Amino acid sequence: MFSIVLTIHLLVALAIIGLVLIQQGKGADAGASFGGGSSQTVFGSRGSATFLSRLTAIMATIFFITSITLAYMSASQHKGYQSVIEKTATVPAQQQNDVPKPVVPQQ
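Please read these numbers as outputs of a predicted model, since none were measured by experiment.

1. Looking at the overall build of the protein
And then number 1: If you tally the helices and strands in the protein, you get five helices and zero strands.
And then number 2: Along the protein, helices (α) and strands (β) appear in the sequence α-α-α-α-α when read from the amino end.
And then number 3: Going through the 107 residues of the protein one by one, you find that 10% of them count as buried.
And then number 4: Taking all contacts inside the protein whose residues are at least 6 apart in sequence as the whole, residues at least 24 apart take part in 82%.
And then number 5: When the accessible surface of the protein is summed, it comes to about 9000 Å², and 66% of that surface belongs to carbon and sulfur atoms.

Here it is as structure tokens:
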């Protein structure tokens, strides 16, 4: 489930990048009124901005939802980590005494 949400998250992020790069800036409208070629688009002079801005808003909403979902999923997973203090507290006392004594040569 985590990998599915992560894949959707990455695809939506790439779609947002593409949508933002396709959109025109605010200053591009002034050129259209003086005979620029941008007034004859597929969606009309203003229609593409509305369509692309709505699509960007929808993608941004999906991006935020998947971000929150991924954060919740990764926080709820039990990783099984222990601190160093907890690990040393569980070492049995016999295991510490299993070290062989050094052999001293006799003279």
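2. As for the packing of aromatic side chains
And then number 1: Applying the stated criterion across every chain, the model contains one aromatic pair.
And then number 2: Ring centres of Phe63 and Phe64 lie 6.2 Å apart, and the angle between their planes is 65 degrees; on these two criteria the pair is classed as edge-to-face.
And then number 3: Here Phe63 falls in the partly exposed class, since its relative accessible area comes to 25%.

3. So, the environment of Ser67
And then number 1: Relative to the helices and strands, Ser67 resides in helix H3 (residues 47-76).
And then number 2: What makes Ser67 partly exposed here is its relative accessible area of 25%.
And then number 3: Separated by 61 residues in sequence, Ser67 and Leu6 place their C-alpha atoms 8.7 Å apart.

4. A short note on the environment of Val5
And then number 1: Its place among the elements puts Val5 in helix H1 (residues 2-22).
And then number 2: Since its relative accessible area comes to 8%, Val5 is described here as buried.
And then number 3: Val5 sits 64 residues away from Thr69 along the chain, and the two C-alpha atoms are 7.8 Å apart.
And then number 4: Excluding anything up to four places from it in sequence, Val5 contacts Thr66, Thr69, Leu70 and Met73.

5. A short note on the side chain of Thr66
And then number 1: Residue position: Thr66 is located in helix H3.
And then number 2: Assessed through its relative accessible area of 8%, Thr66 is described here as buried.

6. Points about the confidence of the model for the protein
And then number 1: Model confidence for the protein is summarised by a mean pLDDT of 76, while 60% of its residues fall at 70 or above.
And then number 2: Here helix H5 (residues 93-97) stands out as the least confident element of the protein, with mean pLDDT 55; H1 is the most confident, with 92.

7. Topic: the side chain of Thr56
And then number 1: Relative to the helices and strands, Thr56 resides in helix H3.
And then number 2: When near neighbours in sequence (up to four residues on either side) are disregarded, Thr56 contacts Leu19, Val20 and Gln23.

8. Topic: H1
And then number 1: Between its first and last C-alpha atoms H1 spans 30 Å; for 21 residues at 1.5 Å apiece the expected length is 30 Å, and the two agree.
And then number 2: Residues Val5, His9, Val12, Ile16 and Leu19 constitute the buried set of H1. All buried residues of H1 fall inside an arc of 95 degrees around its axis, so they share one side. Facing away from the buried side of H1, by more than 90 degrees, are the exposed residues Leu11, Leu14, Leu21 and Ile22.

Analysis parameters
- Residues numbered from 1 in each chain as written.
- Predicted model: local features only at pLDDT ≥ 70, side-chain atom pairs only at ≥ 80, totals over all residues.
- Heavy atoms only, no water.
- Helix = DSSP H or I, 4+ residues; strand = E, 2+ residues; numbered from the N terminus.
- Buried < 20%, exposed > 50% of the residue type's maximum accessible area, 1.4 Å probe, protein only.
- Contact = heavy atoms within 4.5 Å.
- Areas by Shrake-Rupley, 256 points an atom, 1.4 Å probe, with all protein chains shown as cover.
- Phe/Tyr/Trp six-rings, centres within 6.5 Å; stacked < 30°, edge-to-face > 60°.
- pLDDT = per-residue confidence, 0-100.
- Expected span 1.5 Å × (residues − 1).
- Arc of directions from axis to C-beta.

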